[in-house]
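# A look at the structure
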Amino acid sequence: PRDLLLKRFNYRGFFDFLIHAIFNGRARRLWNKNLLLYRKGLPVPEPLTYIESSLKRKNAFFISSVIDDAESLSGLYRKGVVHGSKELVGKLAETIARWHLSGAVHGDLKWPNILVQKKLRTYGCFLIDLDQARMYSSPYIKGIRKDLERFYRFGLQLGAEQWVEAEFFPEYVSFTKDKIKPRIDLDSVKNNATKEWIRKGRKRL
C-alpha cells in the first residue's frame, strides 16, 4: 500500500473534449512530461498512470506517487526553517541549477511547487505541478530567466526577497556553468519580477 496523488482535469465542454480526443489530452500530456523528466533523473514525483476522458467519464486523471514527509518551501519559510540553513539553501540551489542545466524549464516555479524532504540531516528538493514544464536539448536561457523571475516574485509576495538575493541567488550561480552565467542577468530578473509584482498589486501573502 502507498499514498497516491490524483490530479483531476475537469470537463470543459464538448468542443474542448473533442479537441483532446483528437490530440493528446491534458492528462496524457502531463504524463508524458512527468515521465520524460523522471527518466532523466530529475527530482519529480514518480508518474504511475493516467486516465483519459471518455463519453461516459468526462473528467481525466493523472496519478503519481507522493513525496513522503515533504513540505512546501513556502510553508517552511513561514515557519522560519529556511533562514540560516546553509544545507537547505545549498540543496535547493543545486537542485534548481541542475534542473536548468539539463535543459528543463518548470514554467511556474513558485514556492508551493517546490517540496522539501528532510531525512536525518540531509535535504531533498522536488518540483511538482509540471503542466507548464518543458524539456530542451540544452539550457534554455529565456526559460531559466522566467523561472527565476517567478521564484523571485513569490519571494516578494512572502517578504523574502532579501533572502533570495543574499542567500539563494549566490548559491544558484555557484552551481551554474561558466559559459551561461553571463547570460543570466539577475538584476534584470529582479527588475522584471518586481514590475510584475507591482502590476499585480504588490500582494503580500
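Residues numbered from 1 in each chain as written. Predicted model: local features only at pLDDT ≥ 70, side-chain atom pairs only at ≥ 80, totals over all residues. Heavy atoms only, no water.

Let's shift gears to the side chain of Ser-74. Within the secondary structure, Ser-74 sits in helix H3 (residues 73-78). Here the side chain of Ser-74 touches Ser-72 through a polar contact of 3.1 Å, side chain to side chain. (Helix = DSSP H or I, 4+ residues; strand = E, 2+ residues; numbered from the N terminus. Polar contact = N/O pair within 3.5 Å; in protein donor to acceptor, adjacent residues only side chain to side chain.)

Further remarks concern the sheet that holds strand S6 (residues 114-119). Reading across from one edge, S4-S6-S7 is the order of the 3 strands in this open sheet, with antiparallel pairing throughout. Lying at the two open borders of the sheet, with one neighbouring strand each, are strand S4 (70-72) and strand S7 (122-127). Going from strand to strand, the sheet's axes swing by 30° on average, the running direction of each strand aside. Pairing of S6 with S7 involves 6 bridges; the strand directions are antiparallel. Bridge pairing in S7 links Lys-118 to Tyr-123. (Pairing = 2+ DSSP bridges. Axes fitted to C-alpha atoms, helices over the stretch in contact; angles between N-to-C directions.)

For helix H5 (residues 141-158), spanning 18 residues, the distance from its first C-alpha to its last is 26 Å, which sits close to the expected 26 Å at 1.5 Å a residue. In terms of burial, H5 is a largely internal element, 15 of the 18 residues being buried. Backbone geometry just downstream of H5 places Gly-159 in the positive-phi region, at approximately 75°. (Expected span 1.5 Å × (residues − 1). Buried < 20%, exposed > 50% of the residue type's maximum accessible area, 1.4 Å probe, protein only.)

The relative placement of two packed helices is expressed as an angle between their axes plus a distance between the axes. Close contact between helix H4 (residues 86-101) and H5 brings their axes to 11 Å; oriented N to C, the two are set at 150°. In terms of their interaxial angle, H4 and H5 are classed as roughly antiparallel. The element H4 and its partner H5 pack so that their crossing is right-handed. Together, Leu-92, Ile-96, Trp-99 and His-100 of H4 and Ile-144, Asp-147, Leu-148 and Phe-151 of H5 make up the contact between the two elements. (Parallel < 35°, antiparallel > 145°, perpendicular 65-115°, else oblique. Left-handed = near helix turned anticlockwise from the far one by under 90°. Contact = heavy atoms within 4.5 Å.)

Let us now look at the confidence of the model for the protein. Looking at the protein, the pLDDT average stands at 92 and 96% of residues meet or exceed 70. Across the protein, strand S5 (residues 104-105) holds the top mean pLDDT of 98, while helix H1 (residues 14-22) sits lowest at 67. (pLDDT = per-residue confidence, 0-100.)

Ranked by internal contacts, the top residues of the largest apolar core, which has 51 residues, are Leu-92, Trp-111, Leu-148, Phe-151, Trp-163, Phe-168 and Tyr-172. Among residues more than four places away in sequence, those in contact with Trp-111 are Ser-72, Leu-73, Ser-74, Tyr-77, Phe-151, Phe-154, Gly-155, Leu-158, Ala-160, Trp-163 and Val-164. (Core = buried A, V, L, I, M, F, W, Y, C linked by side-chain atoms within 4.5 Å.)

Attention now goes to the pattern of salt bridges. One pass over the structure, following the stated rule, counts 13 salt bridges. One salt bridge connects Lys-7 with Asp-129, and the closest N-O pair in it is separated by 3.3 Å. With a gap of 122 residues between them, Lys-7 in strand S1 (residues 4-9) and Asp-129 in the loop between S7 and strand S8 (134-135) connect regions that are remote in the sequence. The salt bridge involving Asp-187 is made with Lys-190; its shortest N-O contact spans 3.6 Å. On the criterion of helical spacing, the pair formed by Asp-187 and Lys-190 is a turn pair, its members being 3 residues apart in helix H7 (residues 186-199). (Salt bridge = Lys/Arg side-chain N within 4 Å of Asp/Glu carboxyl O.)

Right, let's talk about the packing of aromatic side chains for a bit. Describing an aromatic ring pair means giving the distance of the ring centres and the angle of the ring planes. Scanning the model with the defined rule gives 11 aromatic pairs in all. Taking 4.3 Å as the distance between ring centres and 25° as the angle between the ring planes, the aromatic pair formed by Phe-151 and Phe-168 counts as stacked. Taken as a pair, Phe-151 in helix H5 and Phe-168 in helix H6 (residues 161-175) lie far apart in primary sequence, 17 residues in all. With respect to burial, Phe-151 and Phe-168 carry one shared label: buried. Aromatic side chains Phe-168 and Phe-169 sit 5.8 Å apart centroid to centroid with 50° between the ring planes, which places their arrangement in the tilted category. (Phe/Tyr/Trp six-rings, centres within 6.5 Å; stacked < 30°, edge-to-face > 60°.)

What follows concerns the environment of Tyr-11. One can find Tyr-11 in the loop between S1 and H1. The class of Tyr-11 is partly exposed, set by a relative accessible area of 34%. Distance in space between the C-alpha atoms of Tyr-11 and Ile-180 is 42 Å, their sequence separation being 169 residues.

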